[in-house]
Amino acid sequence: GTIATTALSITVAPTLSITAAGLDQAEVGVAYTGSINVADGVEKYTWSISAGVLPGGLTLDPTSGGISGQPAASGTFNFTAQVSDIWGATVTSQFSIKVNEAIALTTKSLPNGQVGAPYSQTLQFTGGNGTVIWANAGGALPDGLNFDGNTGAITGTPKKAGVFKFSAEVIDNFGASDLKDITITIDP
């Protein structure tokens with residue numbers, strides 16, 4: 001009938017969870033950084049990909065959950081991230097990273113214009129992310145023509161005949177750009 005007692009304690013760790021709702025879009029050849037975050041659990045986390053794949057060129061840091069690198073190919077890449085804490089609690093969450101094509105100015109040539117006749121052409125591009133801006137990166141447009149930095153449009157009425165060369169540049173909201181030399185011939 002002897003009774004002995006002792007004080008015991010139990011530590012209950014908060015439930016481990018992943019808090020990132022999504023990852024930003026990426027662009028081929030442009031440096032990318034993203035992060036998947038963890039909430040609660042007990043520190044010293046270990047991250048891994050348990051299903052699917054990251055875009056080629058990107059890696060997951062196994063200790064921080066950071067994703068970084070330069071994507072090598074465009075597409076949508078679905079994967080499942082897994083994190084474990086020091087006590088072995090494990091949780092997974094699904095993610096997707098969309099990688100857009102690299103921005104490329106696709107206009108190779110412009111049609112001839114004529115002195116005194118209205119001229120209007122818009123430079124074209126593919127790929128990139130978000131809104132783009134345009135720039136004349138060197139050279140001169142024919143007198144009387146203007147280059148719109150918001151739309152890539154070349155408009156106006158040429159005042160002088162000749163062959164004119166300039167460098168057009170398109171820049172996306174990631175700062176990626178493409179540059180091409182463009183020639184405009186203005187006939188008399």
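Residues numbered from 1 in each chain as written. Predicted model: local features only at pLDDT ≥ 70, side-chain atom pairs only at ≥ 80, totals over all residues. Heavy atoms only, no water.

Asks: Explanation requested: the overall build of the protein in the structure shown.
Replies: Scanning the protein for helices and strands turns up 0 helices and 18 strands. For the protein, the spread of C-alpha atoms along the three principal axes comes to 120 × 25 × 20 Å. Residues counted as buried form 35% of the 188 residues belonging to the protein. Restricting the contact set of the protein to residue pairs at least 6 apart, pairs at least 24 apart contribute 59%. A total of about 10,500 Å² of accessible surface is found on the protein, and carbon and sulfur atoms cover 50% of it. (Helix = DSSP H or I, 4+ residues; strand = E, 2+ residues; numbered from the N terminus. Buried < 20%, exposed > 50% of the residue type's maximum accessible area, 1.4 Å probe, protein only. Contact = heavy atoms within 4.5 Å. Areas by Shrake-Rupley, 256 points an atom, 1.4 Å probe, with all protein chains shown as cover.)

Asks: I would appreciate a short explanation of the packing of aromatic side chains in the present structure.
Replies: Each pair of aromatic rings is reported with the distance of its centres and the angle of its planes. Counted according to the given criterion, the structure contains 3 aromatic pairs. Between Phe125 and Trp134, the ring centres sit 6.0 Å apart and the planes meet at 70 degrees, which makes this aromatic pair edge-to-face. Look at Phe125 and you get partly exposed, because its relative accessible area is 31%. The class of Trp134 is buried, set by a relative accessible area of 7%. (Phe/Tyr/Trp six-rings, centres within 6.5 Å; stacked < 30°, edge-to-face > 60°.)

Asks: Please clarify how the environment of Glu101 should be interpreted in this entry.
Replies: Here Glu101 is to be found in the loop between strand 9 (90-100) and strand 10 (104-105). When the C-alpha positions of Glu101 and Ala26 are compared, they lie 8.9 Å apart, and in sequence the two are 75 residues distant. Excluding residues within four positions of it along the chain, Glu101 makes contact with Glu27, Val28, Ser74, Thr126, Gly127 and Gly128.

Asks: Would you take a moment to explain the nonpolar core for this structure?
Replies: Across soluble globular proteins, you tend to see nonpolar side chains buried next to one another. Ranked by size, the top nonpolar core spans 20 residues in total, and within it Ile154 and Ile184 carry the most contacts. When residues of this core are traced back to their parent elements, those giving at least two are strand 15 (145-147), strand 17 (162-171) and strand 18 (177-187). Counting residues per element, this core draws most heavily on strand 17, at 4 residues. In this structure Ile184 touches Leu110, Tyr119, Leu141, Pro142, Leu145, Ile154, Gly162, Val163, Phe164 and Phe166, once residues within four positions along its chain are discounted. Trp47, Leu58, Ile67 and Phe77 belong to the second largest nonpolar core, which has 19 residues in total. (Core = buried A, V, L, I, M, F, W, Y, C linked by side-chain atoms within 4.5 Å.)

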